[in-house]
Amino acid sequence: MEGKNISTHPDVPGEPKRTGTAMVETATATIQGFGPVNKIHQHLCASNEVVVIPYDCHIGRFHFYGHDMSRQVEAHHYCGHQNEEFRQCLIYDSPDAGARLIGLEYIVTENLFLTLPDAEKPLWHSHEFEVKGGFLFMPGVPGPVQRADLEKVAKTYGKTIHFWQVDKGDSLPLGVPQVMMALTREGQLYENLAHGVEKRFGVSFEKERENRAYMTGPAHGIHPLANAGGKGLKTVLRETDCMQASGRCCS
């Protein structure tokens, strides 16, 4: 069977990175520590050319499982821009050098989100509430520098998958990867989780909420299909027929 001619490196849509964005990246990369990412010391490549994206920003925040809001986890994102409208992030359970890599997040502008098929949109969550609420922060970065970037993040959408269910105490990444969601209203985040993070990182969500009151979310408002459309969303595994390639089955 002849293989399909599909590019493994299609262009990522979006505006080229602006000078202001590059300046914020340089500032945060200079100030913040990157303990987990610095532990990456080997580059493996299988069949395809690999492009290494520099991670220039550390963002602390919270996620909960798309099917169970009671399962809330601390999530430290190490993000890099592909362009002005698309970022990609590695997610660790802490900012320490021995942190566990638990997931990935892709972040897009409202402009790109609106181009997604309707069946895809429920997998993405909005960022407006957690940014304006102060729950999404950049550890160690001065407030004005943070806000220069976070006012952009407030207008974006993210798609997050966690592979390691650390909240269950799993010592290895067991089970099916799960879609995660973000905070969208008051009263969702456990107080003890919030207070623990505030104490360890020297931040005040209430103070940042006041400082970010001027920020706005997506120009068209939060899309009704985002945030799982207000419903629970769980990833499940099912058996299916094995596709064939070159006359051979998957096994």
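These figures come from a predicted structure and were not determined experimentally.

Thresholds applied
- Residues numbered from 1 in each chain as written.
- Predicted model: local features only at pLDDT ≥ 70, side-chain atom pairs only at ≥ 80, totals over all residues.
- Heavy atoms only, no water.
- Phe/Tyr/Trp six-rings, centres within 6.5 Å; stacked < 30°, edge-to-face > 60°.
- Helix = DSSP H or I, 4+ residues; strand = E, 2+ residues; numbered from the N terminus.
- Buried < 20%, exposed > 50% of the residue type's maximum accessible area, 1.4 Å probe, protein only.
- Lys NZ or Arg CZ within 6 Å of the ring centre and 35° of its normal.
- Core = buried A, V, L, I, M, F, W, Y, C linked by side-chain atoms within 4.5 Å.
- Contact = heavy atoms within 4.5 Å.

Peer 1: I'm lost on the packing of aromatic side chains in this one. Help?
Peer 2: For the coordinates displayed, the defined rule picks out 8 aromatic pairs. Look at Phe-113 and Tyr-157: their rings are 3.8 Å apart centre to centre, the planes differ by 10 degrees, and that puts the pair in the stacked class. In this pair, Phe-113 sits in helix H3 (residues 110-113) while Tyr-157 sits in strand E6 (residues 157-162), placing the two residues 44 residues apart along the sequence. For Phe-113, a relative accessible area of 0% translates into the label buried. The interplanar angle of 65 degrees and the centroid separation of 5.2 Å between the aromatic rings of Phe-135 and Phe-205 together place this pair among those described as edge-to-face. You can see Phe-135 sitting in the loop between helix H4 (128-132) and helix H5 (143-153) and its partner Phe-205 sitting in helix H7 (residues 205-211), a full 70 residues away along the chain. Both residues of the pair, Phe-135 and Phe-205, count as buried. Among the aromatic residues, those joined into a cluster by ring pairs are Phe-62, Phe-129, Phe-135, Phe-137, Phe-201 and Phe-205. The ring of Trp-164 has Arg-100 lying over it, and the distance from NZ or CZ to the ring centre is 5.5 Å. The ring of Phe-113 carries Lys-121 above its face, with NZ or CZ at 6.0 Å from the centroid.

Peer 1: What exactly am I supposed to notice about the nonpolar core here?
Peer 2: Buried together is how nonpolar side chains tend to be arranged in soluble globular proteins. Counting residues in each nonpolar core, the largest one holds 14 residues, and the members touching the most others are Phe-62, Phe-135, Met-181, Leu-183, Leu-189, Val-197 and Phe-205. Elements represented by at least two residues in this core include exactly strand E1 (57-65), strand E7 (178-181) and helix H6 (191-201). No other element matches the 3 residues that H6 contributes to this core. Not counting residues within four places of it along the chain, the set of residues in contact with Leu-189 comprises Phe-62, Gln-72, Phe-135, Leu-183 and Ala-194. Among the nonpolar cores identified, the runner-up in size contains 13 residues, and Cys-57, Met-138, Leu-150 and Met-215 belong to it.

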